[in-house]
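The residues making up each chain are set out below.
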Amino acid sequence: MKKFLLVLAGIILMTSAALAASGVKRVAVLPFAANSSENLGYIQAGVTDMLISRIAAAGKIEVLSRHDVEAALEKTAMKDLTVSSASQVGKKLKVDYVIWGTITKLGPGVSVDGRILDTAVDKPPIYIFTQSQTMDDIIPQVTKLAGSAASYILEGKEPAGAVAAGALPGQAAAPAVQGSAVAQPPKSKSASFLEAIETDWIVMPPPVSERKGFSISEETPVELIGMAVGDVTGDGRNKIVAIDKQNVRIYREENGEFKLLHKAGGRSYDRYLAVDIADIKGTGVPQIFVTGINRGIPESFVLEYKGGTFVKTDTKLPWLLRVQEIQGKSVLTGQTIGNREAFNTPIFEIVWRNGKFEEGGTVKIPRGLSVYDVLIQSLSGMASSGIIALDELDYLRVFEETDKLVTSLIGLQTPKELLWTSEDQFGGSSNTFDSLQKVLSKTEIVPPATPVNIRMIGCAEAGGDDRKHIVVAKNISTVARVFSNLKVFSSSEVHDFIWTGKALLERGKTKKIKGYIADMQIRDINGDGKPELVLALVTNPGSLARTKSVIVAYTLNP
């Protein structure tokens, strides 16, 4: 028996050597992860088997069996596949290429995001991508994907739309970047203004007398979902306006603490979603815009400071509202909710005309995105404004101005309007509402709740230089991006980017923050002329105890 095993081992070694000498490429297809609340086990197995059978080419490409790959992975006990771990598995299996990725259920269809890693060279994988509109055409789409992979393995010919990932060792890879051949840039070596922020002070705040450059409110026994900053009383000092699902609270910062000036309670059936501040009426004192929703239909209102108090002046506004700062002007944007798809509706500028708010011109934003998904900014090298967006999987994308369907901009073609896509996921929101489609649904298959993304910020003054900074929150969870109805984020970070003309370059980030960022602003809240990073923070998300929230502020460039 021992002799037989020695002979068998010798045959395997000689076969491997012969394959290498003959130029036959060895490939391992690793299991594809699933991004869906549904059980996609049968699709995962089917995609893997199709890739194995369709990439293999007699005398040219040998693809390991699924059984051999799964046996090898069981021994490694790896939970998550990153570029680094995929490379280790490939070397252990003695293959030339490793293929792995994710499968995402998108309505009636499926998208397959693949990565191909050459284990012999020290360079990032390339991404390949396909999407079926229905389950019926998944087989031909995966067949095309396999053909593209085989061409790359044999000829080094990158598939159309493939992108060099530029992922760092140990970093999880992102989905395919369609329409952009720009490799991900390295992180800037310049220190970011966020890196000096002492996030541990949230857990154990210093005494009020020692809070230089730091302010924190008392804990409130509610879950804050939105916040805005502005001079809503007209006295020259910015105030902080925070909302939970049914209440509006207005604060003023005083010597490291926040003093509650006003609280406006809503009705039992009210559901607030967002809050913004801008002087759209041109009165000289900014108005407070509270977005609410009632049975899937927007029901927003305006608060104004009159006679020493805050009063509702405009009610039942039929839009989801968000203020954008466009070329130095505060622009109120609004969007109605579609009957079939929540955000498959145009976005308008909302103007004050003839004593009422009404729709002005349309804003050129990819259709299918919401007013909460985007940041409109003037970016260098672009004739018009750039659109920085969080897609439905929480990846950052940069578009030129366009009103094309967003699904057409991230498909298999190469649209010129898509300029860049991030490797990592950002945003992440537990603030959701039931769309009109869900409210009216009479079937057992109920659409998931619709998220309201966290505000992104564009500012020049915060970094202490003349460059435009794009500031983005990242809420961190092990389950929220896999299970669409389980939105629990235990910690967070704030990231600082600048636009290079071709990509968003990350300059740095805060230390990890304990808690979930519900909203943020960069404004001067204490009148000293220096901007603060202001966070509405849920301190115990997912806790069985009653939810608690705080407002914290850090002075930038003290």
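The following refers to the structure shown. (Residues numbered from 1 in each chain as written. Predicted model: local features only at pLDDT ≥ 70, side-chain atom pairs only at ≥ 80, totals over all residues. Heavy atoms only, no water.)

### Regarding the overall build of the protein
Rules: For helices the rule is a DSSP run of H or I covering at least 4 residues; for strands it is a run of E covering at least 2, with both sets numbered from the N terminus onward. Only protein chains enter the area calculation, which uses a 1.4 Å probe; residues under 20% of their type maximum are buried, those over 50% are exposed, and those in between are partly exposed. Areas reported here follow the Shrake-Rupley algorithm with a probe of radius 1.4 Å; residue values treat only the protein chains shown as occluding.
Counting its secondary structure elements, the protein contains 7 helices and 34 strands. For the protein, buried positions account for 52% of its 558 residues. Approximately 25,300 Å² of the protein is accessible, and the part contributed by carbon and sulfur atoms is 52%.

### Here we look at the sheet that holds strand 22 (residues 386-390)
The condition is simple: Between any two strands, pairing holds if DSSP finds at least two bridges. Note on geometry: axes are C-alpha line fits, over the in-contact stretch for helices, and angles between N-to-C directions span 0 to 180 degrees.
In space, the 4 strands of this open sheet follow the order 21-22-23-24, with antiparallel pairing throughout. The open sheet has two free edges, formed respectively by strand 21 (374-377) and strand 24 (418-425), since each of these has just one partner strand. For this sheet the average axis-to-axis angle between neighbouring strands, irrespective of direction, equals 15°. Across 5 bridges, strand 22 lies against strand 23 (residues 395-400) in antiparallel orientation. Counted as the bridge partner of Ile 387 is Phe 399 from strand 23.

### Looking at helix 5 (residues 138-155)
Where we set the bar: Multiplying 1.5 Å by the helix residue count minus one yields the expected span of that helix.
Over its 18 residues, helix 5 runs 26 Å from end to end, which matches the ideal 26 Å to within 8%, given 1.5 Å per residue. When we look at burial in helix 5, the residues that qualify are Ile 138, Gln 141, Val 142, Leu 145, Ala 146, Ala 149, Ala 150, Tyr 152 and Ile 153. After helix 5 finishes, the residue Gly 156 shows a positive phi value of roughly 70°.

### Some words on the pairing of strand 22
Regular strands place side chains that alternate from one sheet face to the opposite one. For strand 22, the buried fraction is high: 5 of the 5 residues fall into the buried class. As paired elements, strand 21 and strand 22 share 4 bridges and run antiparallel to each other. By the bridge assignment for strand 22, Leu 375 is matched with Ile 388. Hairpin connection from strand 22 to strand 23: 4 residues lie between these consecutive antiparallel strands, with Asp 394 at a positive phi of about 75°.

### Points about the side chain of Asp 231
Rules: Within 3.5 Å is the distance limit for a polar contact, defined as a pair of N or O atoms, with the added protein rule that one can donate a hydrogen and the other accept it, and that residues adjacent in sequence qualify only through two side-chain atoms. Should any heavy atoms of two residues lie within 4.5 Å, those residues are counted as being in contact.
Within the secondary structure, Asp 231 is located in the loop between strand 8 (226-230) and strand 9 (239-243). Within the structure, Asp 231 has its side chain in polar contact with the backbone nitrogen of Asp 235 (distance 3.2 Å). Of the polar contacts made by the side chain of Asp 231, one reaches the backbone nitrogen of Gly 236; its length is 2.9 Å. Sequence-distant contacts of Asp 231, defined by excluding residues within four places in its chain, comprise Gly 236, Arg 237, Asn 238, Lys 239, Val 285 and Pro 286.

### With respect to unusual backbone geometry
Phi is positive for Asn 255, which is not a glycine, with a value near 55°. On the secondary structure map, Asn 255 appears in the loop between strand 10 (247-254) and strand 11 (257-265). The exposure class assigned to Asn 255 is exposed, which follows from its relative accessible area of 69%. Although it is not a glycine, Lys 316 adopts a positive phi angle of roughly 55°. Its location among the elements puts Lys 316 in strand 16 (residues 309-317). Overall, the relative accessible area of 63% leaves Lys 316 in the exposed class.

### Digging into the sheet that holds strand 32 (residues 516-523)
Taken together, 4 strands build an open sheet; the order of strands is 7-34-33-32 and the sheet is antiparallel. At either margin of the open sheet sits one strand with a lone partner, and together these are strand 7 (214-216) and strand 32. The average undirected angle you get between the axes of adjacent strands in this sheet is 15°. Summarising the sheet, strand 33 (residues 532-538) and strand 34 (residues 549-555) pair through 7 bridges and their orientation is antiparallel. The residue bridging Val 534 from the neighbouring strand is Ala 553, located in strand 34.

### Details of the environment of Gly 527
Take Gly 527: it is sitting in the loop between strand 32 and strand 33. Residues Gly 527 and Gly 236 lie 291 residues apart in sequence; the distance between their C-alpha atoms is 8.1 Å.

### Things to note about the packing of helix 2 (residues 41-55) against helix 5
Counted only if it meets this: For classification purposes, an angle smaller than 35 degrees is called roughly parallel, one larger than 145 roughly antiparallel, one from 65 to 115 roughly perpendicular, and anything else oblique. Crossing handedness follows the turn of the near helix against the far one: under a right angle anticlockwise gives a left-handed crossing, and clockwise gives a right-handed one. Residue classes follow a fixed rule: Ala, Val, Leu, Ile, Met, Phe, Trp, Tyr, Cys and Pro count as nonpolar, while Asp, Glu, Lys and Arg count as charged, and any other residue, Gly among them, counts as polar.
Interhelical geometry of helix 2 versus helix 5 gives an angle of 45° and a closest axis separation of 9 Å. In terms of axis orientation, helix 2 runs oblique to helix 5. Crossing geometry of helix 2 relative to helix 5 is assigned as right-handed. Two secondary-structure elements touch here, helix 2 through Ile 43, Val 47, Met 50, Leu 51, Arg 54 and Ile 55 and helix 5 through Ile 138, Ile 139, Val 142, Thr 143, Leu 145, Ala 146, Ala 149, Ala 150 and Ile 153. In terms of residue class, the contact of helix 2 with helix 5 is built from 13 nonpolar, 1 polar and 1 charged.

### Focus on the side chain of Arg 249
Tracing the sequence through the fold places Arg 249 in strand 10. Classification of Arg 249 as buried rests on a relative accessible area of 8%. At 2.7 Å, the side chain of Arg 249 forms a polar contact with the side chain of Asp 244. In this structure Arg 249 touches Thr 220, Val 222, Ile 240, Val 241, Ala 242, Asp 244, Leu 260, His 262 and Lys 263, once residues within four positions along its chain are discounted.

### With respect to the packing of aromatic side chains
The description of an aromatic ring pair uses the distance of the two centres, along with the angle that the planes make with each other. So the rule is basically this: Aromatic pairs are defined between Phe, Tyr and Trp rings, using the six-membered ring for Trp, whenever the two ring centres lie within 6.5 Å; interplanar angles under 30 degrees are classed as stacked, those over 60 as edge-to-face, and all others as tilted.
Applying the stated rule across the entire model yields 9 aromatic pairs. Centroid distance Phe 489 to Tyr 516: 5.7 Å. Interplanar angle 20°. Geometry classified as stacked. Pair noted here: Phe 489 is in the loop between strand 28 (469-476) and strand 29 (491-499) and Tyr 516 is in strand 32, with a separation of 27 residues, a long-range link. Across this residue pair, the class does not change: Phe 489 and Tyr 516 are buried. Ring pairs connect the aromatic residues Phe 289, Trp 352 and Phe 357, which therefore count as one cluster.

### Looking at the pattern of salt bridges
Operational definition: A side-chain nitrogen of Lys or Arg and a carboxyl oxygen of Asp or Glu constitute a salt bridge if their distance falls within 4 Å.
The final tally for this structure, using the stated rule, is 23 salt bridges. With a shortest N-O distance of 2.6 Å, Arg 252 and Glu 254 are connected by a salt bridge. The exposure class assigned to Glu 254 is partly exposed, which follows from its relative accessible area of 31%. One salt bridge connects Arg 267 with Glu 299, and the closest N-O pair in it is separated by 3.0 Å. Here Arg 267 is found in the loop between strand 11 and strand 12 (272-278), whereas its partner Glu 299 is found in the loop between strand 14 (297-298) and strand 15 (300-306), with 32 residues between them in sequence. Residue classification places Glu 299 among the partly exposed positions, given a relative accessible area of 21%. Salt bridges here are not isolated pairs; linked through shared partners, they connect Asp 276, Arg 322, Arg 455 and Asp 519.

### A word on the nonpolar core
Formally: We define a nonpolar core as any set of buried Ala, Val, Leu, Ile, Met, Phe, Trp, Tyr and Cys residues linked to one another through side-chain atoms lying within 4.5 Å.
Ranked by internal contacts, the top residues of the largest apolar core, which has 28 residues, are Val 47, Leu 51, Ile 55, Ile 99, Ile 103 and Ile 116. Of all the elements in the fold, those that place two or more residues in this core are strand 1 (25-29), helix 2, strand 3 (61-63), strand 4 (97-106), strand 5 (109-118), strand 6 (126-132) and helix 5. Top contributing element to this core by residue count: helix 5, with 8 residues. Setting aside residues no more than four positions away along its own chain, Ile 99 makes contact with Val 27, Ala 28, Val 29, Leu 30, Phe 32, Ile 55, Arg 115, Ile 116, Ala 149 and Ile 153.

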